[in-house]
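# Per-entry structural report
What follows is each chain in one-letter form.
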Amino acid sequence: MEGEDGKKLRAARAQCKRTITLVEKYLQTGTDLDVHELKVHKQSLIKTQEKYEHILEQMEYMNIDKDEDLTERIWSAMSSIETHMTEDAAISTRSCPQNLQPAYDIKLPAIEIPTFDGKDLNAFKPFMDLFLSVIHKDNRLQNVQKLYYLKRYLKNEPLKIIDNLPLTDESYINSLDLLNKRYNNLFLLVNNHICTLFDLPSISKGTAQQLRDFTSSFRQQLSALKNLNQKVEYWDSMLISLITRKLDSLTVRLFHTNRDITILPSVDNILDFLDNRALALESSPTSTSSRNYYVNLAGAQESNKSRSTNNNCKLCSQNHFLFKCPTFLLMPVEERHKYIDEKSLCKICLRLHTNKVCRYNFNCAKCKSKDHNTLIHLDSFTDAESQNQINLIACKDQHSNCGMRPVLTHWPQL
C-alpha cells in the first residue's frame, strides 16, 4: 500500500488536472475571448506545468504509477491560447488606421524546419540557423516552449543528448549548449567537407549532365569550407590535381590544350571550363561519328563474345580448344583420327572452318608432313612415306636415261 507521501502526490496531481480542465472549458466557451483572461490562464498553465514536472519526478522516485500523462493536455491548451491571442492581434492590426498597417499584407507559406538526426554532420549548422531564426528569435515564445519545439525537431542521438533535461526555461539554454558542443565541432565539419570532395564520383564519359553535377557538388563543398573560414583560395594546385583525377581523359586533354601553359591554372579556371564544355555538349546534337563509334564498339563486343563461344571444345563443351582438351588427349590416336573425320574438322588446326586451305602452316613433329596435326599422326603415315621415297628412287633409276618423270606408286593412307 502507498504511504502518506504517495497520497499527497496523487492529490497534488489531481489539483493540476482540475486546473487544466478549467482552462479547457474556458477555451471551449467561444472564439471572442478576452486577451487579458487568456494571459492569466496562460500563466496558470505555466505554473501548473512546473508543478506537474516536480510531481512526476517524485512519483518516479517513489515508483508510483503515473496513470495518465497530462503534458500533452497542457501543451494543447497553451497552443489554443496562443492561437486566440494571435487572432486577436491580427484583428487589432486590421482595425488600425491605413497609415499604421505594414507595407505588405501577403501571407507567406509556413517555414518547415527539417528534423535533425545527427547522421549528417553538415546538416547541423543549417538546421540550427533555421531553428534560431524561426523559433529562438520569436519573442512571443518562452524558453520552455522553445525547448518543447526543439525536442520535436530532433531524433535519435541528438534527442537523447537533451531528452533527460526537465522541461523548464533554464533547460533550453543548456540544451543549445549541449548540441553545439556535440555537433558544432569545427575540425569535424571541415574534415567532413574535405572527405566529401575526395569522395565525389569520377566522370567516365564526360557527358553534360555528369559535368554539371560534378561542378555543382564541388562548388557547394568549397562554399561550405569558406563559410568555416578555411583559406581555400590557397588550395588551387591540390584541388586541380584532385579534379583532373576525377575527369575522363578526353576532358583533361581538352583543358590542357585550351589553357595558357605559362600560367598556373586556378580552380575557377577549370570549373569554368567544365561549365563551358557542358554548355557546348548540351547545345550540339549527337554526331553521326559518335553514334557509329558506339555501334562499332557494340559490334566488337558481340564479335568477341562469338569468338569466345567458338573456343568451346566440340568434345567436352568446355572453354578451350580441342588440342588442349584433356579428354581428347587421353583418347588413342586412332580414335582421335576417327573423331576428326566424323566432325569434319580440319586435320591441321583441329577446328571447323569453311576455307579449303587452312591458314595455319606447320609440320607434323613425327613425320614432318604438312597435311596433318601431330596429335592425329598414325604410324601408317610414316610407313607410307618411307615406301613412297623408295618408289621415287627406283623410278628415277629406271627412267634416268629416257627423261620420263617419276610417278608415285603408293599414296599415303589417311
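### Quick word on the packing of aromatic side chains
Under the definition given, this model contains twelve aromatic pairs. Plain terms: the ring middles of F124 and Y183 are 5.6 Å apart, the flat faces sit at 35° to each other, and that makes the pair tilted. Within this pair, whereas F124 is found in helix 4 (residues 124-136), its partner Y183 is found in helix 7 (residues 169-183), the two being separated by 59 residues in sequence. On the basis of relative accessible area, F124 is assigned to the buried category, the value being 2%. For Y183, a relative accessible area of 0% translates into the label buried. Relative to F273, the ring of F255 lies with its centre 5.5 Å away and its plane at 55°, an arrangement referred to as tilted. Taken together, the residues span a long stretch of sequence, with F255 in helix 11 (residues 249-258) and F273 in helix 12 (residues 267-283) at a distance of 18 residues. Its relative accessible area of 5% is what places F255 among the buried residues. Within the aromatic cluster, the residues linked to one another by ring pairs are F116, F124, F127, F131, Y153 and Y183.

### Side note on unusual backbone geometry
Residues other than glycine seldom take positive phi values, yet L350 does so here, at roughly 60°. Assignment of secondary structure puts L350 in the loop between helix 15 (333-342) and helix 16 (379-398). The phi dihedral of K368 is positive, around 65°, even though this residue is not glycine. Along the chain, K368 turns up in the loop between helix 15 and helix 16. A relative accessible area of 57% means that K368 is categorised as exposed.

Reading the values: rules and limits
- For every chain, the first residue of its written sequence is number 1, and the numbers climb from 1 along that sequence.
- Owing to the predicted nature of the model, reporting of local features is limited to residues with pLDDT of at least 70; listing and counting of side-chain atom pairs is limited to 80 or more, with chain, interface and lining totals taken over all residues.
- For the side-chain quantities, the full set of heavy atoms in the structure was used; hydrogens and water were omitted.
- Pairing of aromatic side chains here covers Phe, Tyr and the six-membered ring of Trp, requires ring centres within 6.5 Å, and sorts the geometry by plane angle: under 30 degrees stacked, over 60 edge-to-face, intermediate tilted.
- Each helix corresponds to a stretch of at least 4 residues labelled H or I by DSSP, and each strand to a stretch of at least 2 residues labelled E; elements are numbered beginning at the N terminus.
- Think of it in three bands: with a 1.4 Å probe and only protein chains considered, a residue is buried below 20% of the maximum accessible area for its type, exposed above 50%, and partly exposed in between.

Purely geometric numbers; function is a separate question.
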